[in-house]
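# An overview of the molecular structure
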Amino acid sequence: MLPDAPARPPWLKVRFQDNPRFKETLALVRQERLHTVCEEAHCPNIGECFGGGTATFMILGDICTRACGFCAVTSGRPAGLDLLEPLRLARAIEAMKLDYAVITSVNRDDLPDGGASVFAACLSTIRYRAPSCRVEVLIPDLEGNWQALETIVRAGPVVLNHNVETVPRLYPRVRPKGRYERSLTLLKKVKQMKPAMPAKSGIMVGLGETLPELFAVMADLHDHGCDLLTVGQYLRPDAHHLPVARYYEPDEYEPIRAEGRRLGFAHVEAGPLVRSSYHAGEQARMAGLTILGDSATPLSAGRGEAAGA
């Protein structure tokens, strides 16, 4: 068991919203045998999101092949694939009448393509069952399999998100199987494959990083084509995960937002309860991204498109 973290401050205490919509969303998730990162990652915003009739769906099972120091998702050896998962997911999104959905996944390093084909199947099935819904994907690093990445990009998400999570110095503790440069390269590859596709990433604070280190990561992300950035407080899932080094005061996020504006990000969402998929549709709209057109356009070989065009 790891050392205790400091007591959680009042601005991080969220009132649980148990309303009829929450129960409807939970029942639908259970009925379709789906997983959500809201539940698996112990997200503090679950009451608001489920209560508002939305969720961040987690595909490819609920067993992750990695064991990151910050993540509450169970690690181990997954068993096979659920080939009907894309259909059940699309049915749930159709029933919820979502206009914007976020799909993420566990790491599936046991699969040759890291699960990319399942991401693509989900996107195509949702497009058939719920054509008005735009889908953002939050993907793992696919172990640097860029052909697998192209499979996802070709499937046409409106935003492609991949989180770097923390600063390079902390990777051995926070993301022991991750590689900082690989994550940066993934974002760069997205822009090379389809320059108009918005790329997004996220960083947790409170793990022991310094502000200069955080700003250096932000600069790296922007230099590698990242358009949208989320920055939020790390919250320890339980005593077996990394402790919180410190809690950022709410006003400490303004310099982070200011640095993001200076660097030229389309939008930076930073705050204590900010998460990659929290209000993701609003983040995309605030950035002025054009997400209402056909998201399934072919990959462009040229470099004449601008992000968000």
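Read on for a plain summary of the structure. (Residues numbered from 1 in each chain as written. Predicted model: local features only at pLDDT ≥ 70, side-chain atom pairs only at ≥ 80, totals over all residues. Heavy atoms only, no water.)

The next point concerns helix H10 (residues 253–263). By the burial criterion, the buried members of H10 are Tyr-253, Ile-256, Glu-259, Gly-260 and Leu-263. In a view along the axis of H10, the buried residues occupy a sector of 120 degrees, so they form one face of it. Along H10, the residues that are exposed and aim more than 90 degrees away from the buried face are Arg-261 and Arg-262. Close packing links the buried residues of H10 with strand S6 (199–205), helix H9 (211–223), strand S7 (228–233) and strand S8 (267–271). Of the residues flanking the end of H10, it is Gly-264, one or two places downstream, whose phi is positive at about 105 degrees. (Buried < 20%, exposed > 50% of the residue type's maximum accessible area, 1.4 Å probe, protein only. Helix = DSSP H or I, 4+ residues; strand = E, 2+ residues; numbered from the N terminus. Arc of directions from axis to C-beta. Contact = heavy atoms within 4.5 Å.)

Further remarks concern the pattern of salt bridges. Where charged atoms from two side chains of opposite charge approach closely, those side chains can pair. The full count for this structure, using the stated rule, is 15 salt bridges. Note that Glu-136 and Lys-200 form a salt bridge whose closest N and O atoms lie 2.9 Å from each other. On the criterion of sequence distance, the pair formed by Glu-136 in strand S4 (residues 134–138) and Lys-200 in strand S6 is long-range, its members being 64 residues apart. Comparing Glu-136 with Lys-200, the two get one shared label, buried. Arg-182 is paired through a salt bridge with Asp-141; the nearest N and O atoms lie 3.1 Å apart. Placement of Arg-182 in helix H8 (residues 180–193) and of Asp-141 in the loop between S4 and helix H6 (146–155) is noted, with a sequence separation of 41 residues between them. On the accessibility criterion, Asp-141 (0% relative accessible area) is buried. (Salt bridge = Lys/Arg side-chain N within 4 Å of Asp/Glu carboxyl O.)

A separate point is H8. For H8, built from 14 residues, the straight-helix expectation of 20 Å at 1.5 Å per residue is met to within 8% by its first-to-last C-alpha distance of 20 Å. Turning to H8, its buried residues number three or more, namely Tyr-180, Ser-183, Leu-184, Leu-186, Leu-187, Val-190, Lys-191 and Met-193. In this structure, the buried side of H8 is in contact with H6, strand S5 (159–161), helix H7 (171–174), S6 and H9. (Expected span 1.5 Å × (residues − 1).)

Below, the discussion takes up the sheet that holds strand S2 (residues 56–59). Think of a sheet as strands paired side by side through backbone hydrogen bonds, with each pair either parallel or antiparallel. The 8 strands are arranged S1-S2-S3-S4-S5-S6-S7-S8 in an open sheet whose pairing can be described as mixed. Each having just a single partner strand, strand S1 (35–36) and S8 make up the two edges of the open sheet. Across 2 bridges, the pairing between S1 and S2 is antiparallel. Directly across from Thr-36, in S2, lies its bridge partner Phe-57. (Pairing = 2+ DSSP bridges.)

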